[in-house]
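Now for the letters of each chain:
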Amino acid sequence: MSMTGRVAAIVWKDLLIEVRTKASFHSMLFFAALVLFVFSFAIGPDVPLLKRIAAGLLWIAIIFTGILSLSRTYQAEEAAGGLEGLRMAPGDPRAIYLGKLFGNIALLLAMEMILFPASAVLFQLEIARHALPLAGIAILGTVGFSVVGTFYAALTLNLRAREILLPLLLIPALIPPLLGAVNSTQLILDGNPLGEVVVWVRLMVAYDVTFFVVCTWIFPIAVEE
Amino acid sequence: MDRRSPLVAWLGIAALTLMLIGSIVGLFIVQADAEMGDVQRLMYVHVPAAWTAFLAFFLVFIGSVLYLVQRDQRFDRFAAACAEVGIVFIALTLATGMIWGKPTWGVWWTWDARLTSTALLLAVFVGYLAIRGFTDDPDSRARWSAVVGILGFIQVPIVYLSVVWWRTLHQPPSSPRSVSSEILWTWMLNFVAFLLMFAYLVAQRSRLARVEAELEALEAYDV
């Protein structure tokens, strides 16, 4: 099977499991909504204030939910030694990483397609008018998150205390895409789609490309036995 | 078998002596800063500690790459020693920075670009040591932490850049003032002293790690 074929097979398998069971997706979505709620409760029903920090709340909800779902990335394989099987399958083990990466991106983006409108309702944001640039930012931020996240999820897979180690390693690494996504989301909502946004888009593109190359390159080392 | 190297002992003595001289020069001989007064003397610890910490971080990266290429536990022990000692220096950098910031800026902490990215650097180091702490098998520990060491090193410049942009888009960065040659020389003196101390501590920590590994092997053999 070609590299593309192997990657596609893994993506197809994971998405099929997800579509049939919907186990992750529903709980992820409700968890993300709950995070938005909890923040609003903690901050108080001050709508102008919530509106000003909405982009930050939204992306924190996405990152928290993303981290929870990352730790499930390789769960389907864990039970019966499936990862061992995937690794022993002929060909480049990078296909595992790429397959899991695209699966994670798809799952997160699907969740964001509901979470963005939900936050618009909760915080009275006007996202419909800026739908296209916002979608672009969501994709850039989600790719950056997933590239590093899928890698660290594989690295911490066999560790004791991986539930705490994954966020410990991941969160400092996520500062650039977080800053990029939050600031550009806020700027777009404020109606400044051509000004400073370019700087943040450039940062996110640079981050996504750099870590996509590096993580794909060294993935075999992270999972070798 | 292990014997203490006399070279390492001399390194320690030289480091201590130079640190003593550097502290005396920094505290009593160099003139107090015209604007900020004596508090500026903290910079003779702060700046060399920061330089040493950044060097330590670079060496963790080098040690990690060498380990993955050569698969020799020596490089792993070197990288781990640099990370542990590096944490001490970066904590020292942050602590002196905050003590300096309180009288100068009026607050212990401000979301300054360098301050924030240095704190994040500390978080990366802590992650590196945490992944080591939770892994028992020496080969897996070396391999996984080497990966973290490399990724962490790559992420630092981009994190720094993003934090700079985050700050500068909101307020202008504080402009660095020109530094007199007297201050520069005291920095250099202290930097050399810190470097020697760093080298001494890394040598001792690597030696300790080697002895620990030997002990582990012996114990495994006995049982």
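Quick look at the structure, then. Computed from a predicted structure; not experimentally measured.

Okay, the overall build of chain A next. Across its full length, chain A carries 10 helices and zero strands. Sequence-ordered secondary structure for chain A, helices as α and strands as β, is α-α-α-α-α-α-α-α-α-α. Taken over C-alpha atoms, the radius of gyration comes to 18 Å for chain A, in line with the 17 Å a tight globule of 225 residues would show. Viewed in the frame of its principal axes, chain A has a C-alpha envelope of about 55 × 30 × 30 Å.

It is worth spelling out the nonpolar core at this point. Ranked by internal contacts, the top residues of the largest apolar core, which has 115 residues, are Val-148 and Phe-151 of chain A together with Ala-56, Val-60, Ala-79 and Cys-82 of chain B. Here Ala-56 of chain B is in contact with Cys-82, Val-85, Gly-86, Phe-89 and Phe-198 of chain B, once residues within four sequence places are set aside.

Next up on the list: the interface of chain A and chain B. The partner chain B presents 23 residues to the 23 residues of chain A that form the contact. Residue assignment for the side of chain A that touches chain B shows that the elements contributing at least two residues are α8 (162–173), α9 (175–189) and α10 (197–223) of chain A. Sorting elements by how many residues they give to the side of chain A that touches chain B places α10 of chain A first, with nine residues. Here the residues of the side of chain A that touches chain B sort into 19 nonpolar, two polar and two charged.

Let's shift gears to the packing of helix α6 (residues 94–123) of chain A against helix α7 (residues 131–155) of chain A. Residue and element names in this part refer to chain A. Axis separation between α6 and α7 bottoms out at 9 Å; the angle between their running directions is 140°. Taken together, the axes of α6 and α7 are oblique relative to one another. By crossing handedness, the relation of α6 to α7 is classed as right-handed. Facing Tyr-97, Lys-100, Leu-101, Asn-104, Ile-105, Leu-108, Leu-109, Glu-112 and Phe-116 of α6, the residues of α7 in contact are Leu-134, Ala-138, Ile-139, Thr-142, Val-143, Ser-146, Val-147, Gly-149, Thr-150, Phe-151 and Ala-154. Partitioning the contact of α6 with α7 into residue classes produces 13 nonpolar, five polar and two charged.

Parameters and conventions
- Residues numbered from 1 in each chain as written.
- Chains lettered and ligands numbered in written order.
- Predicted model: local features only at pLDDT ≥ 70, side-chain atom pairs only at ≥ 80, totals over all residues.
- Helix = DSSP H or I, 4+ residues; strand = E, 2+ residues; numbered from the N terminus.
- Rg over C-alpha atoms; globule rule 2.2 N^0.38 Å.
- Core = buried A, V, L, I, M, F, W, Y, C linked by C-beta atoms within 7 Å.
- Buried ≥ 20, exposed ≤ 12 C-beta atoms within 10 Å, placed from the backbone.
- Contact = placed C-beta atoms within 7 Å.
- Nonpolar A, V, L, I, M, F, W, Y, C, P; charged D, E, K, R; others polar.
- Axes fitted to C-alpha atoms, helices over the stretch in contact; angles between N-to-C directions.
- Parallel < 35°, antiparallel > 145°, perpendicular 65-115°, else oblique.
- Left-handed = near helix turned anticlockwise from the far one by under 90°.

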